[in-house]
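Below, each chain spelled out in residue letters.
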Amino acid sequence: MAMGIMVMSMLWSLVAALMIATVRADDEAALLAFRAQLSDGSYPTLASWNNSAHFCSWEGVMCSHRRPARVVELRLNSTGLTGELSPAIGNLTFLRTLDLSFNWLNREIPASLGRLHRLQRLYLNDNAFSGMFPANLSSCANMIIMGVHNNKLGRRIPGELGEKLMSLAAISLSNNSFIGPIPASLANLSYLQNLDLSYNQLVGSIPPGLSHIHSIWRFSIFSNNLSGMIPPSLYNWSSLEFFEVGVNMLYGSIPDDISDKLSKMKVLGLGENHFTGPIPSSISNLSYLTNLRLSKNRFSGYVPPTLGRLGSLQKLDLDGNKLEVNNSEGWEFISSLANCSQLERLSLGGDSFGGQLPGSIVNLSTTLQKFYLMDSGVSGGIPADIEYGEGSMVSSHGDIYSLGILLLEMFTGRSPTDDTFRDSLDLHKFAEDALSKRTLEIADPTIWLHREPKDKITSSRIQECLVSVFRLSISCSKKQPLQRTLIRDAAVEMHAIRDAYLVFDCELIQEHRETEEPLLKTLECMILQQ
């Protein structure tokens, strides 16, 4: 009897050892297959992934404390990984977190990820994934956070996401190439707090059923092709803080009682749509509001003179509407804005703003960095007390700032009030981030694509010229006035850029018998701006 028990015990021990070995082999094999699918340049990052150590000690790998140990987290974000994502990743069936964000992974997202039924957090954002979004990711029923923004995914957003991922709290599909409508099934995600579908090519209307998601605090469909009215029921989202629907084809008006319904609102972005009607005075009661973007719509009537109650307001864009402002009435809101001590940007351009700019504008906060009046009917001069830079004395720092912004407009073809520039991104930062490496990408193609570069030398000289222009523009438009280039130095630099390119362009004309190109004409215009 005792012998039988001993044999059975030994058999169970052997089975357990075999199971541990098998599980270890399965997870380790999946990780090694994942590594094998990557390009050679990724290997230095995964130098620790070898047989000299247990796979649970490899970089980015975290295992459970149970036996046998299973991989529960794989975090390799911002590690320079390139290549394809291996389908073998779907064999890590105990995985709860997969973070491969901010790398250079490409091709399709493997459908095998749908086998990760324990997965709670998926971060594949900021890569180069393309193809369809795998619908069977909806099988990951425990998913809480899904981030696949900033990729090249296309086709339709699978409706299955809203039918099975009932625990989902945040999903970001922004900056891809999704088409078709917003799936009505997303209304089933009752725990959803953050829905970001911005920067895609979605069409159709906003599903009214989304109002059933009572926990949502951020909703962004910015820059799509959506149309129709905003469903009135969406204004019942009492937890909403960020409402960004700009750059679409939406219409309707702002509810008179918006402050009662959306009292927690921080960012209200309706710019570049077809909204009409007055700006309700109740909007002044949104005490947490930091950004109010209403530009390029058809709002009419007077600007509420009580906007000064918005003590947290940082950015106010009213340009491009049909608002009534003239010498006799309409400018009262400027005096009120003096109470907005955090105001950084004020945009009042467009035909609706006319008459004499009120002297009370000098009372605006010293934090004001950008004040736009483009294409307006405002007459007279800007009060001398307005200071572009620091202190209370008129200086040339504001002039050089204006020159820098003007050059950026000329050479990028973009306006500072373009709704593309949100949060911390503005025209200056846009150019600064692209300097040197992506100069040709941000340059307005109409000033140089008239003649396609025929060789590397021509392309290089064009890029050198543009880099010089952008570097000067960035230097002129720095945030701190005392850090900006002096006017006389800017003038010398502009002439030097023009002359250097002129010599090259003349040589090119003689060699290829070509006519003067738009870039040279733009450089000439640049000189005239000083």
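Above this text sits the structure in question.
The rules behind the values
- Residues numbered from 1 in each chain as written.
- Predicted model: local features only at pLDDT ≥ 70, side-chain atom pairs only at ≥ 80, totals over all residues.
- Heavy atoms only, no water.
- Helix = DSSP H or I, 4+ residues; strand = E, 2+ residues; numbered from the N terminus.
- Contact = heavy atoms within 4.5 Å.
- Areas by Shrake-Rupley, 256 points an atom, 1.4 Å probe, with all protein chains shown as cover.
- Pairing = 2+ DSSP bridges.
- Buried < 20%, exposed > 50% of the residue type's maximum accessible area, 1.4 Å probe, protein only.
- Polar contact = N/O pair within 3.5 Å; in protein donor to acceptor, adjacent residues only side chain to side chain.
- Arc of directions from axis to C-beta.
- Phe/Tyr/Trp six-rings, centres within 6.5 Å; stacked < 30°, edge-to-face > 60°.
- Lys NZ or Arg CZ within 6 Å of the ring centre and 35° of its normal.
- Core = buried A, V, L, I, M, F, W, Y, C linked by side-chain atoms within 4.5 Å.
- Salt bridge = Lys/Arg side-chain N within 4 Å of Asp/Glu carboxyl O.

### Overview of the overall build of the protein
Part 1 of the argument: When its secondary structure is counted, the protein shows 10 helices and 27 strands.
Part 2 of the argument: Sequence separation of at least 24 residues holds for 60% of the intrachain contacts in the protein that already meet a minimum separation of 6.
Part 3 of the argument: For the protein, the accessible area works out to roughly 24100 Å², and carbon and sulfur atoms hold 54% of it.

### Observations regarding the pairing of strand S13 (residues 201-204)
Part 1 of the argument: Sheet analysis places strand S11 (residues 177-180) next to S13, joined by 2 bridges and oriented parallel. Bridge pairing in S13 places isoleucine 179 opposite glutamine 201.
Part 2 of the argument: Sheet topology note: the S13/strand S15 (residues 225-229) ladder contains 2 bridges and is parallel. Looking across to S15, one finds that valine 203 is bridged to asparagine 225.

### So, the side chain of serine 138
Part 1 of the argument: Summarising the element assignment, serine 138 is placed in the loop between strand S7 (128-132) and strand S8 (145-147).
Part 2 of the argument: Serine 138 sits in the buried class, given a relative accessible area of 2%.
Part 3 of the argument: A polar side-chain atom of serine 138 sits 2.8 Å from the main-chain carbonyl oxygen of alanine 135.
Part 4 of the argument: Leaving out residues up to four positions away in the same chain, serine 138 has contacts with Glu160, Leu161, Lys164 and Leu165.

### Topic: helix H6 (residues 427-434)
Part 1 of the argument: For H6, the full list of buried residues reads Leu427, His428, Phe430, Ala431 and Ala434. The buried residues of H6 all sit within an arc of 165 degrees when viewed along its axis, so they share a single face.
Part 2 of the argument: Measuring from the backbone nitrogen of lysine 429 back to the side-chain oxygen at the start of H6 gives 2.7 Å, which picks out aspartate 426 as the cap.

### Some points on the sheet that holds strand S19 (residues 274-278)
Part 1 of the argument: Ordered in space as S3-S5-S7-S9-S11-S13-S15-S17-S19-S21-S23, the 11 strands form an open sheet in which the pairing is parallel. Two strands close off the open sheet at either side, each with one partner strand: strand S3 (82-84) and strand S23 (322-323).
Part 2 of the argument: As paired strands, strand S21 (residues 298-301) and S23 are joined by 2 bridges and run parallel to one another. Its bridge partner lying in S23, serine 300 is registered against lysine 322.

### Some details on unusual backbone geometry
Part 1 of the argument: We note that aspartate 126 has phi near 60 degrees; this positive angle belongs to a residue other than glycine.
Part 2 of the argument: Within the fold, aspartate 126 resides in the loop between strand S6 (121-123) and S7.
Part 3 of the argument: A positive phi is found at glutamate 272, a non-glycine position, where the angle reads about 55 degrees.
Part 4 of the argument: Relative to the helices and strands, glutamate 272 is located in the loop between strand S18 (267-269) and S19.
Part 5 of the argument: Judged by its relative accessible area of 23%, glutamate 272 falls in the partly exposed class.

### Side note on the packing of aromatic side chains
Part 1 of the argument: Here the structure, examined in full by the defined rule, presents 11 aromatic pairs.
Part 2 of the argument: A network of ring pairs unites the aromatic residues Phe34, Trp49, Phe55 and Trp58 as a single cluster.
Part 3 of the argument: The side chain of arginine 118 reaches across the aromatic face of phenylalanine 94, ending 3.9 Å from its centre.

### Here's the deal with the nonpolar core
Part 1 of the argument: Counting 100 residues, the largest nonpolar core has Leu113, Met146, Phe219, Phe243, Leu318 and Leu337 as the members making the most contacts within it.
Part 2 of the argument: Mapped by element, the contributors of at least two residues to this core are helix H1 (2-36), strand S1 (61-63), strand S2 (71-75) and helix H4 (332-337).
Part 3 of the argument: Discounting residues that sit within four places of it in the chain, phenylalanine 219 has contacts with Leu195, Ile206, Leu210, Leu234, Trp237, Leu240, Phe242, Phe243, Glu244 and Val245.
Part 4 of the argument: Leu403, Ile405, Phe421 and Phe430 belong to the second-largest nonpolar core, a separate cluster that totals 26 residues.

### Focus on the environment of glycine 131
Part 1 of the argument: Among the secondary structure elements, glycine 131 is positioned in strand S7.
Part 2 of the argument: Residues glycine 131 and asparagine 151, spaced 20 residues apart in sequence, show a C-alpha to C-alpha distance of 9.9 Å.
Part 3 of the argument: Each residue touching glycine 131, except ones within four places of it in the same chain, is listed here: Glu108, Lys152, Leu153 and Gly154.

### What about the environment of proline 158?
Part 1 of the argument: For proline 158, the location among the structural elements is in the loop between strand S9 (152-156) and helix H2 (161-164).
Part 2 of the argument: Excluding anything up to four places from it in sequence, proline 158 contacts Phe133, Ala135 and Pro183.

### A word on the pattern of salt bridges
Part 1 of the argument: Counted under the stated rule, the structure contains 12 salt bridges.
Part 2 of the argument: We note a salt bridge from glutamate 73 to arginine 75, for which the minimum N-O separation is 2.9 Å.
Part 3 of the argument: For lysine 370, the salt bridge identified is with aspartate 426, shortest N-O distance 2.3 Å. Taken together, the residues span a long stretch of sequence, with lysine 370 in strand S26 (residues 370-372) and aspartate 426 in the loop between helix H5 (397-412) and H6 at a distance of 56 residues. The two residues lysine 370 and aspartate 426 agree in class, both being buried.
Part 4 of the argument: One continuous salt-bridge network, built from bridges that share partners, spans Asp196, Arg218, Glu244 and Arg293.

### Let's talk about the pairing of strand S17 (residues 249-252)
Part 1 of the argument: Along S17, the buried face is formed by Leu250 and Gly252; none of Met249 and Tyr251, which line the opposite face, is buried.
Part 2 of the argument: Direction of pairing for S15 relative to S17: parallel, over a ladder of 3 bridges. By the bridge assignment, methionine 229 is partnered in S17 with tyrosine 251.
Part 3 of the argument: Sheet topology note: the S17/S19 ladder contains 2 bridges and is parallel. Each residue of the ladder has a partner; that of glycine 252, found in S19, is phenylalanine 275.

### Some words on the environment of serine 215
Part 1 of the argument: Looking at the secondary structure, you find serine 215 in the loop between S13 and strand S14 (218-220).
Part 2 of the argument: We classify serine 215 as partly exposed; its relative accessible area is 27%.
Part 3 of the argument: Considering only alpha carbons, one finds serine 215 and tyrosine 191, 24 residues apart in sequence, at a separation of 6.1 Å.
Part 4 of the argument: Contact partners of serine 215, with chain neighbours within four places excluded, come to Ser190, Tyr191, Leu192, Gln193 and Ser239.

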